[in-house]
Amino acid sequence: MSPHFERLRRGERWWAADFMLRALGLALLAGCGKLGLVAHRMSATPPPHEATMGEFAVCFGIVVLLTSGLALTLFGPGLFEEVPISSRSSWYWKEN
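Since the model is a prediction, treat every value here as computed from it, not as a measurement.

## A short note on the overall build of the protein chain
Helix and strand counts for the protein chain come out as four helices and zero strands. In sequence order, the secondary structure elements of the protein chain are arranged as α-α-α-α. A buried classification covers 17% of the 96 residues belonging to the protein chain. A total accessible area of about 7500 Å² is found for the protein chain, and carbon and sulfur atoms account for 70% of it.

Below you can see the structure in the form of C-alpha cells.
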C-alpha cells in the first residue's frame with residue numbers, strides 16, 4: 001500500500017488530502033447538478049415518451065455522483081479510516 005493511503009487509513013490529519021478529497025466531492029456535486037439539468041431537459045421535451053436507456057443512464061449517473069460527492073464533501077479522508085470490528089463479529093473472519 002502507498003504511504004499516503006496508509007496515513008489516511010490510520011486517521012492521521014493531512015491537510016492536503018483533506019482539501020483535495022473535499023474539492024473532489026464539490027466537483028462531483030457540481031457535475032451532478034449539470035447532469036440534473038440534462039435529465040430535466042431530456043424528460044421535459046415534448047412529446048411525452050417512454051423512458052429510454054439513455055435517460056436511465058443519466059439518472060443512474062446522477063445517483064452515483066450525488067452519493068459519492070456528498071460522502072467526499074462531508075467526510076473527506078475520514079472515509080478511509082480503519083473501523084474496529086467487535087470481538088463478537090470476528091467469528092466470521094475466523095471461519096472464512
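Still more ground to cover, so stick around.
## Some remarks on the pattern of salt bridges
With the rule as written, the count across this model stands at one salt bridge. Of the charged contacts in the structure, one is a salt bridge between Asp18 and Arg22, with a shortest N-O distance of 2.6 Å. Of this pair, Asp18 and Arg22 both sit in helix α2 (residues 15–44), separated by four residues, roughly a single helical turn.

## Let's talk about the packing of α2 against helix α3 (residues 53–75)
Their axes nearest at 7 Å, the elements α2 and α3 cross at an angle of 155 degrees. Relative to α3, the element α2 lies roughly antiparallel. In the packing of α2 onto α3, the handedness of the crossing is left-handed. For the contact of α2 with α3, the residue count by class is 17 nonpolar, eight polar and two charged.

Reading the values: the criteria
- Residues numbered from 1 in each chain as written.
- Predicted model: local features only at pLDDT ≥ 70, side-chain atom pairs only at ≥ 80, totals over all residues.
- Heavy atoms only, no water.
- Helix = DSSP H or I, 4+ residues; strand = E, 2+ residues; numbered from the N terminus.
- Buried < 20%, exposed > 50% of the residue type's maximum accessible area, 1.4 Å probe, protein only.
- Areas by Shrake-Rupley, 256 points an atom, 1.4 Å probe, with all protein chains shown as cover.
- Salt bridge = Lys/Arg side-chain N within 4 Å of Asp/Glu carboxyl O.
- Axes fitted to C-alpha atoms, helices over the stretch in contact; angles between N-to-C directions.
- Parallel < 35°, antiparallel > 145°, perpendicular 65-115°, else oblique.
- Left-handed = near helix turned anticlockwise from the far one by under 90°.
- Nonpolar A, V, L, I, M, F, W, Y, C, P; charged D, E, K, R; others polar.

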